[in-house]
Amino acid sequence: MTIGADAIAAAAIGATAPSGGPQTGRARIPLALVLAPAPLLGSARIPLRLRLRAVGSVSMPLALSLAFPSGRARIPLRLRLGGAGRAQAVLRLVILPPAIALPHASATWALAVTLAGEDISGRITGPAAISAAEGAARLADVSYRPEPGPLDLLALVGRPVIIDAVLLGVPVRRFTGVVDAPSIDPDTGVVTLHCTDNLQAHIDDMDVAEIDALTAGAAWSDQVFDPALTGWERADARMSTLTASISLDAYGVPRVVPWAAGAATRTLTRAHYLDGSLRPTFAALTSMPPRVEIDIRYRYPRLKVRGVELAWEYGWGEIYAREHGLRHLPSDAVIDALTGSGWTVGDITFHRYPTGWQRLPGGGAYVLYDPALCRGFRGRAHRRYAQQVEEHYRVVVRNPFAPAAVQLAGPLSESFALQVDAEIDDWLSGPPPASNAAQLLSYLPLPAPTDRYTVPVPAGAGESWLDVTDRDEDGRDALATAAAVLVARAVRRIQESLRASEVEFDMPADPTIDLTSVLAIETGAVTALGRVRRWREVYDHDTGTAVTTVALAVAPVGYMPQEAFALDQAPPGNPEIRVSALSGACGNHVGSVAGAPELSAEQIGFFTNARSGPEFDPEAPSYPEHFTVELPEVDPAHTELLEAAVVEQEIYAGSPGGFLVLEVV
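Position labels on residues start from 1 in each chain and follow its written sequence. A pLDDT threshold of at least 70 governs which residues receive local features in this predicted model, and a stricter bar of 80 or more applies before side-chain atom pairs are shown or counted, although totals over entire chains, interfaces and linings include all residues. Heavy atoms from the whole structure form the basis of all side-chain values; hydrogens and water molecules are not counted.

To continue, consider the nonpolar core. L193 and F505 are the most contacted members of the largest nonpolar core, which totals 42 residues. When residues of this core are assigned to their parent elements, the largest contribution, five residues, is made by strand β29 (residues 526-540). Within this scheme, the nonpolar core is defined by two criteria: the residues are buried Ala, Val, Leu, Ile, Met, Phe, Trp, Tyr or Cys, and they are joined through side-chain atoms within 4.5 Å. Each residue's exposure class comes from its accessible area (1.4 Å probe, protein chains only) as a fraction of the maximum for that residue type: buried when under 20%, exposed when over 50%, partly exposed otherwise. Secondary structure elements follow DSSP: runs of H or I of four or more residues count as helices, runs of E of two or more count as strands, with numbering from the N terminus.

Below, the structure written as structure tokens:
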């Protein structure tokens, strides 16, 4: 029997064996008394008087449990036996230390267990264990005696299991899950249910929106993570950027619990945990990285439009030209030479060949020109090309609390590269927009642009460019998001190492403790503050004990907030352009005159021949009449990979809070 203290404080308990003549055989009278009042002040007196008439043997075990004893407890026992036989009285006394929130947490307990909706609480036997840990499934092992008859163990797999710890008549949910693997003891017939809350399967059943809502605040990048991730893999990826842990609560509801300790919800002293059970442990040096180095490279195309100045003038005077029969340059030959160079003609103005003049009525005159011939032109040509640019960042996330002994140790490292995958072929093949379309020759072909990028034509000789970094999928915003993910992962790794130290202890079972609890310990020799990182509770039906083992995650003394981080470096400038690379070369060459050189590929410009005149020499080399123009090549420095200088940034990871101080006393 279990008797509350209020019921027995002022009254004695008496028991008399059944009457009706001498009793033969064996008589067993177990008494289990549990005292769980407010802390006893003074003394408690519990007289027991039993009168037995029996023949044979009498066994009377007495178990007494006291919670919060502060005073004296007296149990006078008077036993009167009538008849022949043997009497045995066994007294067992257990004094329980106080629990944390419930003064009588383990003073009287029971487990309420349902299996597939069936209450099997009355058949539970032996120790039952329940445990929970950060980022892991909640587990439970419970044994029971099945009803007589056939038993299909495999049919138990996946059956729902609910376990409540009942303290002082108040049920507290401790486990909601399913049977993972049953086992049986063939000698005793006891079945043990190994149960899990099926954390991963539960998360796998959630859709993307639910997972993202659960892990709100996580950093995400489609460049770092696979955007097609779902279920547990997606949740795990998002959790890698949070200083928090995912788990299911006692009712099987998913939750994210931050690592930050914050203020203590309870304070424990020596009286709250079992003597000799306090076990501080510290992180090994090898598990505490001094820093995490992140190497980030960002490559993207720089679209360029190079503009050059073009100019040519007829190289001979009109008298010399007429005297030697030199021809003039057709305008079409200029256009053919320019468009065949791979450059696009921009603004161009021709100096037309005059053919005469016409008098105007009333006086004056105007010059007549041949529209097909020119004596010179001025204009510009443009060329599209691209250069790959690579920015290089090195971010060092430091552990401000790592001991000096590990500050010189090698860092953890992580590398990341993002390349803009822009389709620029259409842009390269299309013409740049005209700066003055009204002056373009009507017969100059101008196909319509087929690209989305617009790079202005330089106003004169020079170059303009556009860095393609504005794309949603791999632009500069995507780079910043990816960098934020990498930094967040580094911060988590460092904070995880800071929390590697812990304080573990045993205490009377308290089902109100969970992974959301923040506990402080003050013993004089040990002062600590931390969040519960794991707990294990054992309710032993054989011994009547109920104990919770708790592990607190603690960090080094001190607190430092995490610093802000941003990739705000300006893109590298364009390489310097040689002046000679900004103008086209074209000269004048006449053949069939004395001293004319042989035609060579190095000769550029307008080629014609003399047909008469004092310098005419029919034996001299003659040239095919044509016009060529040489536009400058783009220097390799403007087409090869342009690598920017490394930009280094150093930040300090914040602390999750909490502390552990040991003092020799």
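Still more to cover.
Mapped onto the secondary structure, R533 falls in strand β29. Classification of R533 as buried rests on a relative accessible area of 14%. A polar contact of 3.1 Å, which involves the side chain of R533, links it to the side chain of E502. The contact criterion used is simple: two residues touch if any of their non-hydrogen atoms lie within 4.5 Å. Beyond its immediate stretch of four places on either side in the chain, R533 contacts A132, A133, E134, R499, A500, S501, E502, L515, A551 and A553. Each polar contact in these results corresponds to two N or O atoms within 3.5 Å; when the atoms are within protein, one needs to be able to donate a hydrogen and the other to accept it, and residues that are neighboring in sequence are counted only if both atoms are side-chain atoms.

This brings us to helix α4 (residues 231-239). The element α4 is extensively covered by neighbouring structure, given that seven of its nine residues are classed as buried. Within the span of α4, buried status applies to G231, W232, R234, A235, A237, R238 and M239. In this structure, the buried residues of α4 make contact with α2 (199-204), α3 (208-214), β17 (244-248), β18 (254-258) and α9 (476-498).

Any two side chains of opposite charge can pair, given that their charged atoms come close. Here a salt bridge means any side-chain nitrogen of Lys or Arg lying within 4 Å of a carboxyl oxygen belonging to Asp or Glu. Tallied over the entire structure, the rule returns 33 salt bridges. Between E625 and R327 there is a salt bridge, with its nearest N and O atoms 3.4 Å apart. Highlighted residues: E625 in the loop between β32 (605-609) and β33 (626-627) and R327 in the loop between α5 (318-324) and β22 (329-330), separated in sequence by 298 residues. The class for E625 is partly exposed, based on a relative accessible area of 33%. For R327, a relative accessible area of 45% translates into the label partly exposed. One salt-bridge network, held together by shared partners, links R279, E502, E504, D506, R533 and R534.

This part takes up the environment of A509. Tracing the sequence through the fold places A509 in the loop between β27 (501-508) and β28 (518-522). In this structure A509 comes out as buried when scored by relative accessible area, which is 0%. Separated by 37 residues in the primary sequence, A509 and A546 have C-alpha atoms spaced 5.1 Å apart.

Time to look at the packing of aromatic side chains. Each aromatic ring pair is summarised here by two numbers: the centre-to-centre distance and the angle between the ring planes. Only the six-membered ring of Trp is used, alongside the rings of Phe and Tyr, when aromatic pairs are assigned; centres must lie within 6.5 Å, and planes under 30 degrees apart are stacked while those over 60 apart are edge-to-face, with the rest tilted. Per the stated rule, a full pass over the model turns up 14 aromatic pairs. Measuring from centroid to centroid gives 5.8 Å for W312 and F627, while their planes differ by 75°, and the two rings are edge-to-face. Of the two residues, W312 is situated in strand β21 (residues 291-313) and F627 in strand β33; the sequence distance between them amounts to 315 residues. The residues W312 and F627 share a single accessibility class, namely buried. Each residue in the set W312, Y314, W316, F350, F377, F606 and F627 is aromatic and connected to the rest through ring pairs, giving one cluster. The rule is short: NZ of Lys or CZ of Arg within 6 Å of the ring centre and within 35 degrees of the ring normal puts a charge over the ring. The ring of W535 carries the charged tip of R174 above its face, separated from the ring centre by 4.0 Å.

Being paired, for any two strands, means DSSP has found at least two bridges between them. Pairing within the open sheet is mixed, and its three strands lie in the order β31-β32-β33. Either end of the sheet is taken by a strand with one partner, and the two such strands are β31 (587-591) and β33. Pairing analysis gives five bridges linking β31 to β32, with the strands arranged parallel. Within β32, the position partnered with N588 by the bridge is F606.

Let's shift gears to the confidence of the model for the protein chain. pLDDT gives the predictor's per-residue confidence on a scale running from 0 to 100. Per-residue confidence for the protein chain gives a mean pLDDT of 80, with 75% of residues at or over 70. Contacts for the low-pLDDT stretch residues 36-43, under 50 throughout, to residues beyond four places or in other chains number 20 contacts.

For the rest of this paragraph, the subject is unusual backbone geometry. A positive phi angle, near 50°, is found at L168, a position not held by glycine. Inspection of the secondary structure puts L168 in the loop between β14 (160-167) and β15 (170-184). Although it is not a glycine, N198 sits at a positive phi angle of roughly 60°. With respect to the secondary-structure elements, N198 resides in the loop between β16 (191-196) and α2.

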